[in-house]
Amino acid sequence: MKIFVDTGDVAEVKQAAEWGILDGVTTNPTLIAKSGKGFKETVLKICELVPDGEISAEVVATDYDTMLKEATEISSWNPQIVVKVPLIEPGVRLVRTLSDRGVKTNVTLVFSVNQALLAAKAGATFISIFVGRVDDISGDGMEAVAESVQMVETYGYDSQILVASIRHPLHVVQAIGAGAHICTMPLKIMQMMFKHPLTDAGLKRFLEDWNNAGLNIFEKQPAGV
Ligand code: E4P
């Protein structure tokens, strides 16, 4: 499974990239606005920090012609960029155009397997299914993920199912169970994934035993040993 960090904050991208496990970054208009920096400047800095990653940057128009102009501009900035497109009628049309031109796309704001089918048929590279926002209104966001994974596998579409709007580490566990291809999550969720009380307790015990024995990795060996 690929792991993306979902942020417009370059400091967060830098931290996640340092762990050496980051496959890409997703942004959206809200996250970019929150960063307080310019769109192009932020996206290009992210590309630099994750040189082998897939970096999603979203169009903001809602009519086909303007969306196409924005997508052409955004995708010209760096070959790593994946154009993020909302699941609306002109959006699906745009995905078909971009896919025919070999431009990668990430279809966003997807909440149902029917929407995912439209995106897959248009040639979407990634289909972002938002789980947290459905859970927020007492639904089961992961249902559409499981159905969409099965849908792309059954019919042999190339699209990858990306689980978005992740709120806690259990969403990641459930996404793995559903066979999703990618999870995008806030940095804070990635940090929580490292945590296990038995890891902390086990490490504490190892270090106490080591120190009590007076051992040192770098001590000089006596001559002849
Ligand atoms: C995905 O690409 C979106 O940017 C993101 O996951 C939305 O998450 P939210 O529902 O927490 O805003």
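Scroll up a little and you will see the structure.
A brief look at the structure comes next. (Residues numbered from 1 in each chain as written. Predicted model: local features only at pLDDT ≥ 70, side-chain atom pairs only at ≥ 80, totals over all residues. Heavy atoms only, no water.)

Attention shifts here to the site of the ligand. For the ligand, the full set of nearby residues is Asp6, Thr26, Asn28, Lys84, Phe130, Arg133, Ala164, Ser165 and Arg167. Between the ligand and the protein, one listed contact pairs an oxygen atom with a side-chain N or O atom of arginine 133 at 2.7 Å. Interatomic distance of 2.7 Å between a side-chain N/O atom of serine 165 and an oxygen atom of the ligand. In the complex, 84% of the free accessible area of the ligand, which totals 340 Å², lies under the protein chains. Here the ligand occupies the largest pocket. In the shell around the ligand, the residues fall into 2 nonpolar, 3 polar and 4 charged. (Near = heavy atom within 4 Å. Polar contact = N/O pair within 3.5 Å; in protein donor to acceptor, adjacent residues only side chain to side chain. Areas by Shrake-Rupley, 256 points an atom, 1.4 Å probe, with all protein chains shown as cover. 1 Å grid on protein atoms, 1.4 Å probe; cavity = no way out; pocket = protein on both sides within 12 Å on 5 of 7 lines; lining within 4 Å. Sits in = over half its atoms within 2 Å of the grid points. Nonpolar A, V, L, I, M, F, W, Y, C, P; charged D, E, K, R; others polar.)

Further remarks concern the side chain of threonine 26. Following the sequence through the fold, threonine 26 ends up in strand β2 (residues 24–26). Of the polar contacts made by the side chain of threonine 26, one reaches the side chain of aspartate 6; its length is 2.7 Å. Once residues lying within four places of it in the same chain are set aside, the contact partners of threonine 26 are Phe4, Val5, Asp6, Thr7, Leu31, Ser56, Lys84, Asn106, Leu162 and Thr184. (Helix = DSSP H or I, 4+ residues; strand = E, 2+ residues; numbered from the N terminus. Contact = heavy atoms within 4.5 Å.)

Put simply, helix α5 (residues 89–100) and helix α6 (residues 113–122) touch, their axes get as near as 8 Å, and they point 30° apart. What the angle tells us is that α5 and α6 run roughly parallel. Residues Val92, Val95, Arg96 and Ser99 of α5 touch α6, and the partners they reach there are Leu118, Lys121 and Ala122. Among the residues forming the contact of α5 with α6, the class breakdown is 4 nonpolar, 1 polar and 2 charged. (Axes fitted to C-alpha atoms, helices over the stretch in contact; angles between N-to-C directions. Parallel < 35°, antiparallel > 145°, perpendicular 65-115°, else oblique.)

Moving on: unusual backbone geometry. For serine 138, which is not glycine, the phi dihedral falls at a positive 70°. Mapped onto the fold, serine 138 is located in the loop between α7 (132–136) and α8 (141–155). Classification of serine 138 as exposed rests on a relative accessible area of 72%. Phi is positive for serine 165, which is not a glycine, with a value near 60°. Summarising the element assignment, serine 165 is placed in the loop between β7 (160–164) and α9 (169–178). (Buried < 20%, exposed > 50% of the residue type's maximum accessible area, 1.4 Å probe, protein only.)

Another point: the pairing of strand β1 (residues 2–6). Taking burial as the measure, the 5 residues of β1 include 4 buried ones, the bulk of the element. Examined bridge by bridge, β1 and strand β8 (residues 182–185) share 4 bridges and lie parallel to one another. Paired with phenylalanine 4 across the two strands is threonine 184, which belongs to β8. Relative to β2, β1 runs parallel, the two sharing 3 bridges. The residue of β2 that forms the bridge with phenylalanine 4 is glycine 24. Taken together, β1, helix α1 (residues 10–18) and β2 constitute a β-α-β crossover, and its handedness is right-handed. (Pairing = 2+ DSSP bridges. Right-handed = clockwise from strand over helix to strand, strands pointing away.)

The next subject is the layout of surface pockets. What the largest pocket holds in volume is close to 490 Å³. As for the largest pocket, its lining consists of 25 residues, of which Asp6, Asn28, Leu31, Lys34 and Pro186 are closest to the centre. Contributing elements (two or more residues each) for the lining of the largest pocket: α2 (29–35), β6 (126–130), β7 and α10 (187–193). Of all the elements, α2 adds the most residues to the lining of the largest pocket, at 4 residues. Residues of the lining of the largest pocket, tallied by class, amount to 7 nonpolar, 10 polar and 8 charged. (Points joined across faces, edges and corners; volume = space filled by probe spheres on them.)

For the rest of this paragraph, the subject is the pattern of salt bridges. For side chains of opposite charge, pairing can occur when their charged atoms come near one another. What the rule picks out here adds up to 9 salt bridges. Ionic pairing is found between glutamate 54 and lysine 104, a salt bridge with its closest N-O pair at 3.1 Å. Linking glutamate 54 in strand β3 (residues 54–58) with lysine 104 in the loop between α5 and β5 (105–110), this pair joins segments that are 50 residues apart in sequence. The closest approach of N and O atoms between glutamate 208 and lysine 204, which form a salt bridge, is 3.1 Å. Taken as a pair, glutamate 208 and lysine 204 lie in helix α11 (residues 197–212) at a separation of 4 residues, close to a single helical turn. One continuous salt-bridge network, built from bridges that share partners, spans Lys2, Glu54 and Lys104. (Salt bridge = Lys/Arg side-chain N within 4 Å of Asp/Glu carboxyl O.)

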